[in-house]
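# Understanding the architecture of this molecule
If you want the building blocks of each chain, they are given just below.
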Amino acid sequence: MAEDQLIPGQPLRNGVDLIADKKTGALIVIGTSAKLEKISSGGVALSSCSYTPEMLSELAKMDGAIIVDSNVNNILKANVHLNPSDHILTSQTGTRHRTAERVSVETELSVVAVSEESSTIKVFNGSSVYELEESSIIYGRVNESLQSVDRTRRRFDDAVLELGELEIENTLTNQQVLEVIQRGELLGRLSQQVRKEASDLGEDSGLVMIQIDSLESGVRNTLDLVLKDHLPKKRFRNIKKAVDEIANLTYEELNTIQHLGSVLFMEPLDEVSVSKGYRVLGRLPGLPDNLHDSLIQKFTTLPNLLNASTEKLFEVDGIGRSRAQQLREYFDTLLKNVGFSYINGH
C-alpha cells in the first residue's frame, strides 16, 4: 500500500473516515495474495465493483473483512472470514485488531482496522502498527509548529538587522555572526519538520506550504552571503563545505555557540569579524555577481570598500563612472544611516 493512500482527502482515507463516523467498524485488507486466499473463507466476490468511499462504508455494515486491490481502484470481496494463525504474537487487545495484525504479519499485506466503539483507525504493516490522526489534530500540531517557525524567523531577522549595522561600524564579533548562522539553520530545520507534518494533511496542506515558503523566503540566500562574508578564507575555499558541516550538526551541537564557532574556525567568540562585503553588494539592485568578486578582490574588506573614493571604484574592471558614482552614493547612504559620513574625496 502506498503511504499517501491514507492521508486526508484520498479516497481510501475518506472511506475509513466515513466508517469511523458511523461507528460501524471494519477490517480492510489492501491487496490480495495466495497467502490471503489460504486463510480466507466465505465472503462475497464482487465483479467490477469500483472503489468509492461510500461503497466501502456500506460494505462495512457486513460482519466480515473487506478486500480491495492494491491500488484501491476496485473492491474485490466483502464479508470475508479471516483465519490467521493463532501462533502469531500480537500486542493488540480487541478481536478485530488482533486479527488485523496477524493477517498483516502472515500475508505481508497492509490491513486497516476501524474500531466500532472508539472509531480509532489503525494501520498494520507486518509487525508495525500506527494510528491515524484526525485532521483537526494534525492541523493543531502544524499550527503550533508554524508559530515556532514564525518566532524563529523574527529572531533571525533581528539578528540579521543587528549584523548589518555592526558590519558597517566594523564592531561585529564572531559570536554575533554565529548567532545569525545558528538561527538561520534552526529556521531551515524547523521548516522542514513542518513540511513533513503538513504532508499528512494531503490536499489540505497547500495553505500551510505557502506560509512556510513565506517564512523561509530569502533565508538561504542571506545565510550563504553571511558565510561568504565571514568564513575564514584559509579554512574554507568555498561555502559548500561549511554548509555541509553545519547541516551535519546535532541540535545540541547547533545550539552551542562555542561548538559552532569551533566547527567554523570562528574563535575566539569576542574577536571582531570583518565582513568582505558580499551581502552589502548583494543588496544593490542591478549589480552583476562578477562585479561583486572584482570589487572584493580589489578592496578585500567591507570597511575598505565603504571608504573607497569614486575614482578608486572606477579603477575596478567593469565599473564605469556611472556605476562608480552609484556605488559611492549607496555607500554614503549606508554610512549615514549608522551615524557615519564619508569625508575623503569624491
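First, a word on what this report is: a plain description of the structure on this page. (Residues numbered from 1 in each chain as written. Predicted model: local features only at pLDDT ≥ 70, side-chain atom pairs only at ≥ 80, totals over all residues. Heavy atoms only, no water.)

## Some details on the environment of I121
Within the secondary structure, I121 sits in strand β7 (residues 121-125). Judged by relative accessible area, which is 5%, I121 ranks as buried. C-alpha separation for the pair I121 and M55, spaced 66 residues apart in sequence, amounts to 18 Å. Discounting chain neighbours no more than four positions away, the residues touching I121 are V16, D17, A20, V112, A113, V114, Y130, E131 and L132. (Helix = DSSP H or I, 4+ residues; strand = E, 2+ residues; numbered from the N terminus. Buried < 20%, exposed > 50% of the residue type's maximum accessible area, 1.4 Å probe, protein only. Contact = heavy atoms within 4.5 Å.)

## Quick word on helix α16 (residues 321-337)
Quick reminder: α-helices carry 3.6 residues per turn. Residues three or four places apart thus point the same way. Given a rise of 1.5 Å per residue, 17 residues ought to cover 24 Å, and the 24 Å separating the end C-alpha atoms of α16 matches this to within 8%. Those residues of α16 lying buried are A324, L327, R328, Y330, F331, D332, L334 and L335. (Expected span 1.5 Å × (residues − 1).)

## With respect to the packing of aromatic side chains
The final tally for this structure, using the stated rule, is two aromatic pairs. With a centroid separation of 5.7 Å and an interplanar angle of 40 degrees, the aromatic rings of Y330 and F331 are classed as tilted. Exposure remark for Y330: the relative accessible area of 13% places this residue in the buried category. Cation over ring: K228 sits above Y278, and NZ or CZ is 4.1 Å from the ring centre. Directly above the aromatic system of F314 lies the positively charged group of R321, at a separation of 4.2 Å from the ring centroid. (Phe/Tyr/Trp six-rings, centres within 6.5 Å; stacked < 30°, edge-to-face > 60°. Lys NZ or Arg CZ within 6 Å of the ring centre and 35° of its normal.)

## Considerations on the packing of helix α5 (residues 135-169) against helix α8 (residues 219-230)
Their axes nearest at 12 Å, the elements α5 and α8 cross at an angle of 35 degrees. In the crossing of α5 with α8, the sense of the turn from one axis to the other is left-handed. Contact with α5, carried on its side by R153, F156, V160, L163 and E167, involves V219, T222, L223, V226, D229 and H230 of α8 and no other residues of that element. Per-class residue counts for the contact of α5 with α8 are six nonpolar, two polar and three charged. (Axes fitted to C-alpha atoms, helices over the stretch in contact; angles between N-to-C directions. Left-handed = near helix turned anticlockwise from the far one by under 90°. Nonpolar A, V, L, I, M, F, W, Y, C, P; charged D, E, K, R; others polar.)

## What to know about the pattern of salt bridges
According to the stated counting rule, one finds 16 salt bridges in the structure shown. Notably, a salt bridge pairs R154 with D150, separated by 3.1 Å at the nearest N-O pair. With R154 and D150 both in helix α5, this residue pair falls four residues apart, about one helical turn. On the basis of relative accessible area, D150 is assigned to the partly exposed category, the value being 30%. Where R220 meets D224, a salt bridge forms, and the shortest distance between an N and an O atom there is 3.0 Å. Here the residue R220 and the residue D224 both occupy positions in helix α8, the gap between them amounting to four residues, near one helical turn. Residue classification places R220 among the partly exposed positions, given a relative accessible area of 39%. In this structure D224 comes out as partly exposed when scored by relative accessible area, which is 21%. (Salt bridge = Lys/Arg side-chain N within 4 Å of Asp/Glu carboxyl O.)

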